[in-house]
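Now for the letters of each chain:
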Amino acid sequence: MAKDTMQAVSQAEQDARQAVLRAKEEGDQLVAKAAQEGKDAVAAAVKEAKKKADVLRGVARADAEKLHAQSVQALEETQQRLKASAGDARGKVVGEIRKIVLGQP
């Protein structure tokens, strides 16, 4: 009977060691799986962030081109107004110079 008890205790210890080893292996597998899932999640987030950045960059580029076109048009309009104003002033100046030089009223 003592021999049976000793064998039972020995078997119980061996079963316990096996259970601990299995638990450790399962824990290691869970940790590895969680680490991989974390890497995958980060990679997916980076990919999504790059997509959003590309979209925002495109919108910003389009806005910048639109503003540039508006600025060019405004500059051209201002130049035309200044040229017209200069032409009007030139005629007045020429007239005033003639009055002064030729003594005409």
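Up top you'll find the structure we're talking about.
Note that the structure is a prediction, hence the values are computed from the model and not measured.

S.K.: Can you walk me through the overall build of the chain in this structure?
M.R.: What the chain contains, in helices and strands, is one helix and zero strands. Scaling as 2.2 N^0.38, a compact globule of 105 residues should have a C-alpha radius of gyration of about 13 Å, whereas the chain reaches 44 Å, well beyond that. Based on the C-alpha atoms only, the size of the chain along its principal axes is roughly 145 × 20 × 10 Å. In the chain, the 19 positive side-chain charges and the 16 negative ones have mean positions that sit 12 Å from each other.

S.K.: Can you walk me through the pattern of salt bridges in this structure?
M.R.: When their charged atoms lie close together, side chains carrying opposite charge are able to pair. This structure, assessed with the given rule, holds three salt bridges. For K24, the salt bridge is made with D28, and the minimal N-O distance between the two is 3.2 Å. Within this pair, K24 and its partner D28 are both found in helix α1 (residues 2–102), separated by four residues, close to a single helical turn. Residue D28 is classed as partly exposed on the basis of its relative accessible area of 43%. In this structure, D54 and R57 form a salt bridge, with 2.8 Å as the shortest nitrogen-oxygen distance. Within this pair, D54 and its partner R57 are both found in helix α1, separated by three residues, close to a single helical turn.

S.K.: Sorry, what's going on with α1 here?
M.R.: The periodicity of an α-helix, 3.6 residues per turn, causes residues three or four positions apart to be oriented the same way. A rise of 1.5 Å per residue sets the reference length of α1, with its 101 residues, at 150 Å; its end C-alpha atoms lie 145 Å apart and thus fit the reference within 8%. One or two positions beyond α1, positive phi appears at G103, with a value near 70°.

S.K.: Sorry if this is basic, but what is going on with a nonpolar patch on the surface here?
M.R.: Taken together, the side chains of V93, I97, I100, V101 and L102 present a nonpolar region at the surface, about 520 Å² in accessible area. Following the sequence through the fold, V101 ends up in helix α1. With relative accessibility at 64%, the residue V101 sits in the exposed group.

S.K.: Explanation requested: the environment of D63 in the structure shown.
M.R.: For D63, the position within the fold is in helix α1. Sequence separation of D63 and S10 is 53 residues, and the distance between their C-alpha atoms is 79 Å.

Conventions used here
Residues numbered from 1 in each chain as written. Predicted model: local features only at pLDDT ≥ 70, side-chain atom pairs only at ≥ 80, totals over all residues. Heavy atoms only, no water. Helix = DSSP H or I, 4+ residues; strand = E, 2+ residues; numbered from the N terminus. Rg over C-alpha atoms; globule rule 2.2 N^0.38 Å. Lys, Arg positive; Asp, Glu negative; His and termini not counted. Charge placed at Lys NZ, Arg CZ, Asp CG, Glu CD. Salt bridge = Lys/Arg side-chain N within 4 Å of Asp/Glu carboxyl O. Buried < 20%, exposed > 50% of the residue type's maximum accessible area, 1.4 Å probe, protein only. Expected span 1.5 Å × (residues − 1). Patch = residues over 30% accessible without salt bridge, like charges linked within 9 Å, V, L, I, M, F, W, Y side chains within 5 Å. Areas by Shrake-Rupley, 256 points an atom, 1.4 Å probe, with all protein chains shown as cover.

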